[in-house]
Amino acid sequence: MSPADAPPVGARIRQVRLARGISLRALAREVGVSASLISQIETGKSQPSVSTLYAITTALAISIEALFDAAGPAVVPPAATASGTRPATASHGASGTAPGTAPGAAPGTVTHALAAFAADPGRRIGPLVTPGDREVLELDSGVVWERLGHVPGTDVDFLQVTYRPGGASSSSGGLMRHPGTEYGYLTSGELVLTLGFDEYTLRPGDAVCFESTTPHRYRNDGDVPAVGVWFVFSDT
């Protein structure tokens, strides 16, 4: 399977934000970052970290998969705006390109890597996914997600996750939280999990599970990559 060209992820964030009637500054306040960073992500000039990515999708009340779906219209569900009102559901037309394509995206950029997650939510990935077939998403701060499969009609992230030496889910050191339940199993290396006020060191064979709404952060303090399999179920 050859990766598709990158979808305009930043543009889709902007599209949903505007449909919500949310300003750059309001979204930035909700996410906990600067308005300039949101602007840079929307224009493709900056790469989001894991925590920023989850924070943006949570603030916009959309799933990560929906954000990266470049095949067909993106239906934006209603969500409360800063004024407390709920705008009508908005539907945005496709760009006119073939499904999964976005001409002009530069190879090697985070938006090019996000092409892996641009699949139609109704598309099955599997039942067998070989290492060469995995869709790859490279995020900021030395984190790589490889998609291990997808069953239509489910809201699940089934991933092999790699934290390179010095890599972390949040470059700022802050904790992230997002809807869902998280299960992880480390296969190699060591990974430090900060979960609320507690800290755990995961070694090969160790597993974790917790509600993703609990503030958390992963980091690799070692000198070899930390690799594991993660399963994140979103119930929203």
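Scroll up a little and you will see the structure.
The model shown is predicted, which means the values in this text are computed figures rather than measured ones.

## Looking at the overall build of the protein
A tally of helices and strands in the protein yields 6 helices and 11 strands. Within the span of the protein, comprising 236 residues, buried residues form 44% of the whole. Restricting to contacts in the protein with at least 6 residues of sequence separation, those with at least 24 account for 64%. By element, 54% of the accessible surface of the protein is carried by carbon and sulfur atoms, the whole surface being about 11,200 Å².

## Quick look at unusual backbone geometry
With a phi angle near 60 degrees, A61 is a residue other than glycine that sits in the positive phi range. Residue position: A61 is located in the loop between helix 4 (50-59) and helix 5 (64-67).

## Topic: a nonpolar patch on the surface
A grouping of F158, Y183, F231 and F233 is seen on the molecular surface, where their side chains present a nonpolar patch of about 360 Å² in accessible area. Inspection of the secondary structure puts F233 in strand 11 (residues 226-233).

## Remarks on the pairing of strand 6 (residues 181-188)
Side-chain direction in a regular strand flips from residue to residue, so the side chains alternate between the two faces of the sheet. Bridging between strand 6 and strand 9 (residues 207-211) involves 5 bridges; their strand directions are antiparallel. Of the residues in strand 9, the one forming a bridge with E182 is F210. When strand 6 meets strand 11, the two strands line up antiparallel, connected through 7 bridges. If you follow T181 over to strand 11, its bridge partner there is F233.

## Some remarks on the sheet that holds strand 5 (residues 156-163)
Judged by pairing direction, the sheet is antiparallel, and its 6 strands sit side by side in the order 3-4-5-11-6-9 without closing on themselves. Of all strands in the sheet, those with a lone pairing partner are strand 3 (135-139) and strand 9, marking the two edges. The mean inter-strand angle of the sheet, taken between neighbouring strand axes irrespective of direction, is 20 degrees. Sheet analysis places strand 3 next to strand 4 (residues 143-147), joined by 5 bridges and oriented antiparallel. If you follow E135 over to strand 4, its bridge partner there is R147. Packing of helix 4 onto the sheet brings it into contact with strand 3, strand 4, strand 5 and strand 11, and relative to strand 4 it is tilted by some 60 degrees.

## Digging into the sheet that holds strand 8 (residues 198-202)
With respect to topology, 3 strands assemble into an open sheet ordered 8-7-10, the strand pairing being antiparallel. The open sheet is flanked by strand 8 and strand 10 (216-219), the only strands paired with a single partner. Pairwise comparison of adjacent strand axes, ignoring direction, gives a mean angle of 15 degrees for this sheet. By the bridge criterion, 4 bridges tie strand 7 (residues 191-195) to strand 10 in an arrangement that is antiparallel. For V192, the partnering residue across the bridge sits in strand 10 and is R219.

## Side note on the packing of aromatic side chains
Going through the model one piece at a time under the given rule, you end up with 5 aromatic pairs. Ring centres of Y218 and W230 lie 5.5 Å apart, and the angle between their planes is 90 degrees; this geometry places the pair in the edge-to-face category. Placement of Y218 in strand 10 and of W230 in strand 11 is noted, with a sequence separation of 12 residues between them. No difference in accessibility class separates Y218 from W230, as the two residues are buried. In textbook terms, an aromatic cluster arises when at least three aromatic residues are bridged by ring pairs, as seen for F158, Y183 and F231.

## Brief notes about the pattern of salt bridges
Under the counting rule described, the total for this entry stands at 5 salt bridges. A salt bridge links R219 to E199; the shortest N-O distance between them is 3.3 Å. Taken together, the positions of R219 in strand 10 and E199 in strand 8 put the pair 20 residues apart, joining distant regions of the chain. With a relative accessible area of 51%, E199 lands in the exposed category. Among the ionic contacts, a cluster of salt bridges with common partners joins E199, R219 and D221.

## Considerations on the packing of helix 2 (residues 24-31) against helix 4
Put simply, helix 2 and helix 4 touch, their axes get as near as 9 Å, and they point 120 degrees apart. In terms of their interaxial angle, helix 2 and helix 4 are classed as oblique. The element helix 2 and its partner helix 4 pack so that their crossing is right-handed. Only T52, A55, I56 and A59 of helix 4 make contact with helix 2, whose side of the interface consists of L27, E30 and V31. Tallied by class, residues from the contact of helix 2 with helix 4 come to 5 nonpolar, 1 polar and 1 charged.

The rules behind each value
- Residues numbered from 1 in each chain as written.
- Predicted model: local features only at pLDDT ≥ 70, side-chain atom pairs only at ≥ 80, totals over all residues.
- Heavy atoms only, no water.
- Helix = DSSP H or I, 4+ residues; strand = E, 2+ residues; numbered from the N terminus.
- Buried < 20%, exposed > 50% of the residue type's maximum accessible area, 1.4 Å probe, protein only.
- Contact = heavy atoms within 4.5 Å.
- Areas by Shrake-Rupley, 256 points an atom, 1.4 Å probe, with all protein chains shown as cover.
- Patch = residues over 30% accessible without salt bridge, like charges linked within 9 Å, V, L, I, M, F, W, Y side chains within 5 Å.
- Salt bridge = Lys/Arg side-chain N within 4 Å of Asp/Glu carboxyl O.
- Pairing = 2+ DSSP bridges.
- Axes fitted to C-alpha atoms, helices over the stretch in contact; angles between N-to-C directions.
- Phe/Tyr/Trp six-rings, centres within 6.5 Å; stacked < 30°, edge-to-face > 60°.
- Parallel < 35°, antiparallel > 145°, perpendicular 65-115°, else oblique.
- Left-handed = near helix turned anticlockwise from the far one by under 90°.
- Nonpolar A, V, L, I, M, F, W, Y, C, P; charged D, E, K, R; others polar.

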